[in-house]
Amino acid sequence: MAEKKLKVPEDFTWRNMEVGNIITEPGNASLRKTGDWRSMRPVLDKEKCIKCGLCWLYCPDGAVKLLDDGYYEPDLFYCKGCGICARACKKGAITMIEEGEK
Amino acid sequence: MSKRVGLEASYAVAEAVRMADVDLIAAYPITPQTHIPERLAEIVANGELDAAYIPVESEHSAMSACLGSAAVGARTFTTTAGQGLELMHEVVYVASSMRYPIVMAVCNRALSAPLSVWGDHSDVMAVRDVGWIQVFCENNQEAFDLMLWAFRVAEDPRVLFPVMVHLDGFTLSHVTEPLWLPEQEEVDKFLPAFKYQFALDPDKPMTHGAFGIPDIYSEAKKAQEVAFLNSKEIILQSWKEFADVFGRSYAPVESYKADGAKTLLLTMGSFSETAKIVIDEMQAKGESVGLVRLRLWRPFPYEELRQAVKSAETLVVFDRAVSSGMGGPVCSEVKAALFSEAVKPKVAGIVGGLGGRDMSVKDFERVINRGKEIAKSGSGEIIETVGIRG
């Protein structure tokens, strides 16, 4: 996988734009940090989590990842903080907190 | 060999679209453009043109369907007028920004209210800034020629911008007059098949129409604008090639008996034909007048306009639309084009011919004489008009 880019590089100018802003190598949205305007952040309590995967299923952005130990964790590189995972969780294992809080 | 035929301008447009062998037509009928989609529907139904014809439910859908068509590399045509052009407005911008070479015939019509199906340039002026190449036709031959040419210039890989061909509603769209129709071989020589480098293809996936974050939007717009301005060179070149094949030549700004004239009248579209008569008549009376016709509206032909008017003392700009709160839109653009010039004529703007109001030869004589007065005194009414009672 290519390197994840946080912003457009300085040396990418208007001259580098493809005709009609077409993206000739599609699927590169995964390289962009699309979660940087989040105001609320999901926090997982592993004590309550039963690894059911409902958060993973409900996340509209595919921003919940399955860890090796079977737990599901929000990927904050993409997560927009919509809170759907917290609502979907039957065990109350996900809490939404303000960004900036510990 | 070309043949001389009598055709209504709308049918001449349809004939050009047929000979251009378009792949897709998506159009919604609206007065005064109706004869174009009707005739094309007939042509497709008769098997005279192998094209997809989508009878869409609105102009917004017409332009949206055209986007999809152009995206897969199909030669694409639509046509509208007045309110229809307004209804498709937001999609019109998308076509140019995504660089889809759609060709559209616009039968210029006044905008509501009051409701009017008759001609003026209100609809054109509402799409000044949309990033389409735009030209005006004066007669049926030009309607045919420029329609054919539009595909050629739009689809040029160095251009890839959509083109609007403007013809005045009724005073041109519904006029029957003789014109030369070329042979199919000549058309094929001038207009090669459309080969689109970025055509959507499941075997070669691409993303068309991604959003632009603040980090990229400005760069996208600058790239678009530079490419649009650069298209003028290809426009000039393709008109030269048109002349080589068909023997008729076009230019961004065209003059009529303007050499050495102290006063010039500037017009666009079919009314220029009437304006020519007034120039003939006034010159016969010994007056120093001439005509300048703006053919290329976008990209605006700054240099050609400056050259065409620089020796005149007075330039009278005739507008068929009002930019509310600012007067005639063509006049204000002409003034802007001349502002930085050391030597330039005095410019006076007069508005007339709104919502199908006819402009007679006498009216144009009034326009010229009143324009001279305004230029001389340096002031005029808030909005100078002609042919309006009271």
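Residues numbered from 1 in each chain as written. Chains lettered and ligands numbered in written order. Predicted model: local features only at pLDDT ≥ 70, side-chain atom pairs only at ≥ 80, totals over all residues. Heavy atoms only, no water.

## Looking at a negative patch on the surface
All names here are of chain B.
- Where like charges cluster on the molecular surface, the negative patch consists of D21, D23, D50, E183, E185 and D188.
- Summarising the element assignment, D21 is placed in the loop between α1 (9–19) and β2 (24–26).
- Judged by relative accessible area, D21 falls into the partly exposed class, the value being 47%. (Patch = residues over 30% accessible without salt bridge, like charges linked within 9 Å, V, L, I, M, F, W, Y side chains within 5 Å. Areas by Shrake-Rupley, 256 points an atom, 1.4 Å probe, with all protein chains shown as cover. Salt bridge = Lys/Arg side-chain N within 4 Å of Asp/Glu carboxyl O. Lys, Arg positive; Asp, Glu negative; His and termini not counted. Charge placed at Lys NZ, Arg CZ, Asp CG, Glu CD. Helix = DSSP H or I, 4+ residues; strand = E, 2+ residues; numbered from the N terminus. Buried < 20%, exposed > 50% of the residue type's maximum accessible area, 1.4 Å probe, protein only.)

## A short note on the sheet that holds strand β4 (residues 76–80) of chain B
Residues and elements named next belong to chain B.
- In spatial order, the strands read β3-β2-β4-β5-β7-β6-β12; together these seven strands make up an open sheet with mixed pairing. Two strands lie at the open edges of the sheet, namely β3 (52–54) and β12 (296–298), each paired on one side alone. Across this sheet, the average inter-strand angle for adjacent strands is 20°, counted without regard to direction.
- As judged from the four bridges shared by strand β6 (residues 133–136) and strand β7 (residues 163–168), these two strands associate in the parallel manner. Paired with Q134 across the two strands is M164, which belongs to β7.
- Packing of helix α7 (residues 140–155) onto the sheet brings it into contact with β4, β5 (103–108), β6 and β7, and relative to β7 it is tilted by some 170°. (Pairing = 2+ DSSP bridges. Axes fitted to C-alpha atoms, helices over the stretch in contact; angles between N-to-C directions. Contact = heavy atoms within 4.5 Å.)

## Regarding a nonpolar patch on the surface
Residues and elements named next belong to chain A.
- There is a patch of nonpolar side chains on the surface, built from W56, L57, Y58 and I84 and spanning about 440 Å² of accessible area.
- Of all the elements, helix α1 (residues 54–58) adds the most residues to the nonpolar patch, at three residues.
- By the secondary structure assignment, W56 is in helix α1.
- Residue classification places W56 among the partly exposed residues on the basis of a relative accessible area of 46%.

## A short note on the domain arrangement of chain B
Residues and elements named next belong to chain B.
- Split into domains, chain B comes out as domain 1 (3–246) and domain 2 (254–377).
- Taking only C-alpha atoms, the centre of domain 1 and the centre of domain 2 are 27 Å apart.
- Taken together, the 30 residues of domain 1 in the interface contact 26 residues of domain 2.
- Between E304 and K232 there is a salt bridge, with its nearest N and O atoms 2.8 Å apart.
- For the interface between domain 1 and domain 2, the tally reads 18 residue pairs in polar contact (both at pLDDT 80 or more).
- Grouping the amino acids of the side of domain 1 that touches domain 2 by side-chain chemistry returns 15 nonpolar, eight polar and seven charged. (Domains from an automatic or database assignment. Polar contact = N/O pair within 3.5 Å; in protein donor to acceptor, adjacent residues only side chain to side chain. Nonpolar A, V, L, I, M, F, W, Y, C, P; charged D, E, K, R; others polar.)

## Topic: the interface of chain A and chain B
- Each partner contributes residues to the interface: chain A has 14 residues there, and chain B has 19 residues.
- Per-residue buried area on chain A facing chain B is highest for W14, V19 and I22 of chain A; these three make up 40% of the total on that side.
- If you look at where chain A meets chain B, you find zero salt bridges.
- Counting across the interface, chain A meets chain B through one residue pair in polar contact (both at pLDDT 80 or more). (Buried area = accessible area lost by both parts, 1.4 Å probe.)

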